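# Chains, contacts and geometry: an overview
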Amino acid sequence: MANVRIKDLPQHVGEKVTISGWLYNKRTSGKLQFPIIRDGSGYLQCVVFKKEVSPETWDAADSVTQESSVRVTGTVRAEERAQGGVELGVESFEILGTAQDYPITPKEHGTAFLMDVRHLWLRSKNQHAILRIRNEVEKSIRDFFYDRDFVLIDSPILTANAAEGTSTLFETDYFGEKAFLSQSGQLYLEPAAASFGRVYCFGPTFRAEKSKTRRHLMEFWMVEPEVAFLEFDGLQELAEEFVEYIVGRAMDRCAEELKVLERDLTRLENVKRPFPRITYRDAIELLKSKGMPANFGDDIGGDEETVIANSFNAPVIITRYPAAIKAFYMQPAPEDESLALGMDMIAPEGYGEIIGGSQRIHDHDLLLKRIHEHGLPVDKFQWYLDTRKYGTFPHSGFGMGIERCVAWISGVPHLRETIPYPRMLNRIYP
RNA sequence: UCCGGCAUAGCUCAGUCGGUAGAGCAACGGACUGUUAAUCCGUGGGUCGUAGGUUCGAGUCCUACUGCCGGAGCCA
């Protein structure tokens, strides 16, 4: 008999089916047992009456332990008392693999312990819900760009040079030469934009910074669109449309998961265009008015971001930063060339910067000057300068961190739960 | 790298003034024919992170170290 997925059972009421999965929990009452099975698609209450089954089936259901794998056959029936509205009247119950002393119990645990057993923690209800939301976010990102005629350009992970010359990179050996794990695909996308007009990359990125906060991972996923002939205002519109779309998709298609996580949906319903936009100068004034120590020219730190985010209901776009505190490739603002046409999008509720983007310098000589000013090795950037040498064009792009986005949508406080196997300071196992 | 905190049963924790190690959950045994984190009765389970010091006596006080957690910086 073919397996049926638990989520499809309401369409099989009255039929005899076989379910394969793992024992989530079990409640017993003498000659009656209620094993709860999960199969990845849902949870199913099974009912085993001693007098209705063989001694072998009874013993199997009686002795089965939490998280053992099982195959159960029985008749589906509608039952109000069961979660999900259906239950399975068991005829046969078979243990495929016994789980001996499963470490995660239905009671509370600390995150240090849970991270040690991350490979098992993935089975838990909340983790399952978070990773399903991540799955939906990743699919909606691909749909968004595919539907708008963007071409996916997979950027290299092994690179010869530090993209922005700022962050600390993981170093590895490349047949006797130094190589680094990529911290951004952007520089590789700009030339590709001259081939397709609209491109994006989506993959893992690596930062060797010894960050120890809930907003940081050593290995995280980033999506980076890059658009030819798109200028600064259009870039902000693209970022807004993108974020509104992703949040909307998650609310549409992950309602069940958001409910499991007890996410306050009113916070997500506010994510509608246009988002509030303020300049860096306004942001500094706002911080001062809230009594924060902030001066023009300072970087906006985590605490400051949260204060700004809490002043608005939707994600906030901050624009026109001092060029001195931003990356070398950002286009100067036309009205004041000490400002850069860079934008950050700050998520609400203290989740921090989810998007960073800019219009790129397209003038060859200005870009060369900036490379010199930042002390970067010109020879390593020759290929990057070529985009400005052979038919240059104004262009813009941004990067969005997937984990921060998923953490915000899911309402989980720490990034480590939004990626299946987080790489953090002092943690590369499992 | 810097600042703060924590380390006791498989897990989450309590442990008073320094005087022979405790609870809940999990595991195991038993009772129970509609349970919803089922309930009830019982059993087993410990090198108190490591090393040193003070003391008649240290889980408890002191020192160092290790590990972990949270935050800062950096950033997405």
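Treat the numbers as computed from the prediction; the structure is a model and nothing was measured.

## Section: the pattern of salt bridges
- Across all of its chains, the model carries 24 salt bridges by this definition.
- Between E79 and R81 there is a salt bridge, with the nearest N and O atoms lying 2.9 Å from each other.
- For E79, a relative accessible area of 15% gives the class buried.
- Relative accessible area serves as the criterion here: at 74%, R81 is assigned to the exposed category.
- One salt bridge in this structure joins E244 and R273, with 3.2 Å as the shortest N-O distance. Separated by 29 residues along the polypeptide, E244 in helix α6 (residues 232-253) and R273 in the loop between α8 (265-269) and β12 (277-279) bring together distant segments of the chain.
- The class of E244 is buried, set by a relative accessible area of 18%.
- Among the charged side chains, a network of salt bridges with common partners joins E136, K139, D143 and R249.

## Points about the packing of α6 against helix α13 (residues 402-410)
- Orientation of α6 relative to α13, taken along the N-to-C sense of each, is 50°, at an axis distance of 11 Å. As judged from the angle between their axes, α6 and α13 are oblique. Note on packing geometry: the crossing formed by α6 with α13 is right-handed. In contact with V243, I246, V247 and A250 of α6, α13 contributes C405, W408 and I409.
- When its residues are assigned to classes, the contact of α6 with α13 shows 7 nonpolar, no polar and no charged.

## Focus on the domain arrangement of chain A
- What the domain assignment lists for chain A is domain 1 (6-97) and domain 2 (118-417).
- Each of domain 1 and domain 2 has a C-alpha centre, and these two points are 46 Å apart.
- Counting residues at the interface gives 8 residues for domain 1, matched by 4 residues for domain 2.
- Summing the contributions of domain 1 and of domain 2, the shared interface buries around 500 Å²; its carbon and sulfur component is 39%.
- Ranking the residues of domain 1 by area buried against domain 2 places R38, G40 and Y43 at the top, with a combined share of 61%.
- E67 is paired through a salt bridge with R123; the nearest N and O atoms lie 3.0 Å apart.

## Thoughts on the packing of helix α11 (residues 364-373) against helix α12 (residues 382-389)
- Where α11 meets α12, the axes come as close as 9 Å, and the angle between the chain directions of the two elements is 155°. It follows that α11 is roughly antiparallel to α12 by the angle criterion. Crossing hand, α11 versus α12: right-handed. Seen from α11, the contacting residues are H364, L367, L368 and I371; seen from α12, they are Y384, L385, R388 and K389.

## Some words on the sheet that holds strand β3 (residues 43-49)
- Pairing is mixed in the closed barrel, where 5 strands are placed in the order β1-β2-β3-β5-β4. When the angles between neighbouring strand axes are averaged without regard to direction, this sheet yields 55°.
- On the sheet, helix α1 (residues 55-63) packs against β1 (16-29), β2 (32-38), β3 and β5 (86-97) and is oriented at approximately 85° with respect to β5.

## Points about the side chain of T418
- Note on placement: T418 falls in the segment after α13.
- Looking at T418, its side chain comes within polar contact range of the main-chain oxygen of L415, at 2.7 Å.
- When sequence neighbours within four positions are dropped, the list of residues in contact with T418 reads I130, L131, R134, E403, V406, A407 and V412.

## Focus on the protein's contact with RNA strand B
- Taken together, 48 residues form the shell around RNA strand B, and within it F49, H109, R207, R404 and R416 come nearest.
- Measuring from a base nitrogen of RNA strand B, one finds a backbone N or O atom of K210 at 3.1 Å.
- A distance of 2.8 Å separates a sugar or linking oxygen of RNA strand B from a polar backbone atom of I354.
- Taken together, the elements giving at least two residues each to the surface near RNA strand B come down to β1, β2, β3, α2 (111-116), β11 (219-228) and β16 (352-360).
- With 4 residues, β1 is the largest single contributor of residues to the surface near RNA strand B.

## Notes on a nonpolar patch on the surface
- There is a patch of nonpolar side chains on the surface, built from L158, Y174 and F175 and spanning about 380 Å² of accessible area.
- Counting through the fold element by element, Y174 comes out in strand β8 (residues 171-174).

## Quick word on the pairing of β3
- Within β3, 5 of the 7 residues are buried, which leaves the element mostly enclosed by the surrounding structure.
- The antiparallel hairpin formed by β2 and β3 contains 4 residues in its connecting segment, where G40 sits at a positive phi of about 95°.
- The pairing of β3 with β5 spans 3 bridges and is classified as parallel. In the sheet register, Q45 faces β5, and the bridge partner there is E87.

Reading guide: rules and limits
- Here the residue index of a chain counts from 1 through its sequence in written order.
- Naming scheme: in the order in which they are written, chains are lettered from A and ligands are numbered from 1.
- Only residues with pLDDT of at least 70 get local features here, since the model is predicted, and only at 80 or more are side-chain atom pairs given and counted; chain-wide, interface and lining totals rely on the full set of residues.
- As a rule here, side-chain values cover all heavy atoms of the structure and leave hydrogens and water aside.
- Between Lys or Arg on one side and Asp or Glu on the other, a salt bridge is scored when a side-chain nitrogen of the former is within 4 Å of a carboxyl oxygen of the latter.
- Relative accessibility under 20% of the residue-type maximum defines a buried residue, over 50% an exposed one, and the middle range a partly exposed one, all with a 1.4 Å probe and only protein chains included.
- A helix here means a DSSP run of H or I that spans at least four residues, while a strand means a run of E at least two residues long, and both kinds are numbered starting from the N terminus.
- Only C-alpha atoms enter the line fits that serve as axes; for helices the fit covers just the stretch in contact. Angles between N-to-C directions range over 0 to 180 degrees.
- Orientation is classified from the angle alone, with under 35 degrees giving roughly parallel, over 145 giving roughly antiparallel, 65 to 115 giving roughly perpendicular, and any other angle giving oblique.
- For any pair of crossing helices, the crossing counts as left-handed if the nearer helix is rotated counterclockwise from the farther one by less than a right angle, and right-handed if it is rotated clockwise.
- Residues count as neighbours in contact if any of their non-hydrogen atoms are within 4.5 Å of one another.
- Three classes are used: nonpolar for Ala, Val, Leu, Ile, Met, Phe, Trp, Tyr, Cys and Pro, charged for Asp, Glu, Lys and Arg, and polar for all others, with Gly counted as polar.
- Where each domain starts and ends comes from a domain assignment, either automatic or drawn from a database.
- Summed over both partners, the accessible area (1.4 Å probe) lost when two parts come together is defined as the buried area.
- In short, DSSP must find at least two bridges between two strands for them to pair.
- Counted as a polar contact is a pair of N or O atoms within 3.5 Å, where, for protein atoms, one must be capable of donating a hydrogen and the other of accepting one, and residues adjacent in sequence contribute only when both atoms are in side chains.
- When we say a residue is near a molecule or strand, we mean one of its heavy atoms is within 4 Å of it.
- Nonpolar side chains (Val, Leu, Ile, Met, Phe, Trp, Tyr) are joined into patches within 5 Å and like charges within 9 Å, using only residues with over 30% relative accessible area and no salt bridge.
- Computed with a 1.4 Å probe, the accessible areas rest on the Shrake-Rupley method; for each residue, only the protein chains presented here act as cover.

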